Amino acid sequence: MKVCGFTIVRNAVKFGYPVVESIKSVLPLCDHFVVAVGDSDDITLQLIQSIDPSKITVIETVWDQTLRQGGRVLAVETNKAFDAISEEFDWCFYIQADEVVHEKDYPAIRAAMLQWKNNASVEGLLFKYYHFWGTFDYIGVNRQWYRQEIRIVRNDKHIRSFRDAQGFRKNDRKLKVKQIDAHIYHYGWVRPPDIIKSKISNFNSLYYEGEHLERKLRAAESFDYSEINAVEKFSESHPEVMKILISNLDWHVDIDPFKAKCSLKDRILSAFEKTFKYRLFEYKNYTIIK
């Protein structure tokens, strides 16, 4: 079995992406890794080139920021990285620049790839998620956060990154996937307050333009971590590669998990989910094979 990882990144230093930790967390599971580095205003290219030149192929790209509908440029860039993976690989492990894999999940991930390698009906593997909020101590638990997503796909170039690169489709249909007992640790909302505001503004520019973009930019300026919907304390361990970033955290965020701002509808739906262990009206960009 041969595995190739892939990701995209642009302005990682400027916007505080833990991309080095992200890539390093997946490298032990991969025989090779492809990184599509977009045209950046910082030293992102040099940073990626310094990680492991013997195992990482870097392709330099230019982002077409006119592809704003649904953040389509992110999927276009992801497909560039995916298409650079040669046919010798069986599985392709996609990781976003603010996502990290915990070493404790390596055995389960390897086992799943081996188990389903020769079963062509399994087109991808589905991971569970932890979405961190504000600091490394809290995770978002309200319905705005997706609970699962595909992060390993077959090396089949009919598979394409979907919409804004959250998931994948094949010939415009949902992938048939197996759910595995492993998590993606998503740190996209753990950055200094000034950097997160810049990141939000930049991200919105990939989706919107004109007056709509102006409204989004004004909203980003008033962003406050304390204005939360629902979070809970995270009591488990973080991936080892995150150890230095966690120890170097140098900002303070006031988070009170008992002051969640939820609508009546969200409270009712959340109560139903907790009682019956099922999320009503959940968006699922995949078909789980039982």
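Analysis parameters
- Residues numbered from 1 in each chain as written.
- Predicted model: local features only at pLDDT ≥ 70, side-chain atom pairs only at ≥ 80, totals over all residues.
- Heavy atoms only, no water.
- Core = buried A, V, L, I, M, F, W, Y, C linked by side-chain atoms within 4.5 Å.
- Buried < 20%, exposed > 50% of the residue type's maximum accessible area, 1.4 Å probe, protein only.
- Helix = DSSP H or I, 4+ residues; strand = E, 2+ residues; numbered from the N terminus.
- Contact = heavy atoms within 4.5 Å.
- Phe/Tyr/Trp six-rings, centres within 6.5 Å; stacked < 30°, edge-to-face > 60°.
- Lys NZ or Arg CZ within 6 Å of the ring centre and 35° of its normal.
- Salt bridge = Lys/Arg side-chain N within 4 Å of Asp/Glu carboxyl O.
- Axes fitted to C-alpha atoms, helices over the stretch in contact; angles between N-to-C directions.
- Parallel < 35°, antiparallel > 145°, perpendicular 65-115°, else oblique.
- Nonpolar A, V, L, I, M, F, W, Y, C, P; charged D, E, K, R; others polar.
- Arc of directions from axis to C-beta.

Draft legend 1. Broad picture of the nonpolar core. Core analysis: the biggest nonpolar cluster contains 36 residues, and Ile23, Phe33, Phe93 and Ile109 have the highest contact counts within it. Where this core is concerned, the elements lending two or more residues are strand E1 (3–9), helix H1 (19–26), strand E2 (32–38), strand E4 (91–94), helix H4 (106–116), strand E6 (124–133) and strand E12 (176–189). Looking at this core element by element, the count peaks at 5 residues for H4. In this structure, isoleucine 23 is in contact with Thr7, Phe33, Val35, Ile48, Ile51 and Ile56, ignoring residues within four places of it in sequence. Grouped together as the second largest cluster of nonpolar side chains are 26 residues, Ala36, Leu74, Ile150 and Leu175 included.

Draft legend 2. Looking closely at the packing of aromatic side chains. Under the defined criterion, the tally for this structure stands at 21 aromatic pairs. Aromatic pair tyrosine 130 and tyrosine 185: ring centres 5.1 Å apart, planes at 65°, arrangement edge-to-face. Of this pair, tyrosine 130 sits in strand E6 while tyrosine 185 sits in strand E12, placing them 55 residues apart in sequence. Across this residue pair, the class does not change: tyrosine 130 and tyrosine 185 are buried. Grouping aromatic residues by their ring pairs yields a cluster made of Tyr130, Phe132, Phe136, Tyr185, Tyr187 and Phe234. Over the ring of phenylalanine 203 we find lysine 199, and its NZ or CZ is 4.8 Å from the ring centre.

Draft legend 3. The arrangement of the pattern of salt bridges in detail. Tallying each qualifying case throughout the model produces 15 salt bridges. A salt bridge links glutamate 77 to lysine 80; the nearest nitrogen and oxygen atoms lie 2.8 Å apart. In this pair, glutamate 77 and lysine 80 are both assigned in helix H3 (residues 72–83), 3 residues apart and thus about one turn of the helix distant. Relative accessible area serves as the criterion here: at 32%, lysine 80 is assigned to the partly exposed category. In this structure, the salt-bridge partner of aspartate 98 is arginine 191, at a minimum N-O distance of 3.6 Å. One end of the pair, aspartate 98, is in the loop between E4 and strand E5 (99–101); the other, arginine 191, is in the loop between E12 and helix H5 (193–204), with 93 residues separating them in the sequence. Taking the relative accessible area as the measure of exposure, aspartate 98 reaches 6% and is therefore buried. Residue arginine 191 is classed as buried on the basis of its relative accessible area, which comes to 1%. One network of salt bridges, in which partners are shared, links Glu123, Asp156, Lys170 and Arg173.

Draft legend 4. Inspection of the packing of H5 against helix H6 (residues 210–221) at higher detail. Packing of H5 against H6 leaves a shortest axis separation of 9 Å and a crossing angle of 170°. With respect to each other, H5 and H6 are oriented roughly antiparallel. Residues Lys197, Ile200, Ser201 and Asn204 of H5 touch H6, and the partners they reach there are Leu213, Lys216, Leu217, Ala220 and Glu221. For the contact of H5 with H6, the per-class residue count stands at 4 nonpolar, 2 polar and 3 charged.

Draft legend 5. Structural detail: the environment of isoleucine 180. The topology assignment puts isoleucine 180 in strand E12. Taking the relative accessible area as the measure of exposure, isoleucine 180 reaches 7% and is therefore buried. Apart from the residues within four sequence positions on either side, isoleucine 180 is in contact with Ile109, Ala112, Leu125, Leu126, Phe127 and Lys128.

Draft legend 6. Inspection of H4 at higher detail. Inspection of H4 places Tyr106, Ile109, Ala112, Met113 and Trp116 among the buried residues, and these make up the whole buried set. Taken down its axis, H4 places every buried residue within 135° of arc, on the same side. Structural note: H4 exposes Pro107, Leu114 and Gln115 on the side pointing more than 90 degrees away from its buried face.

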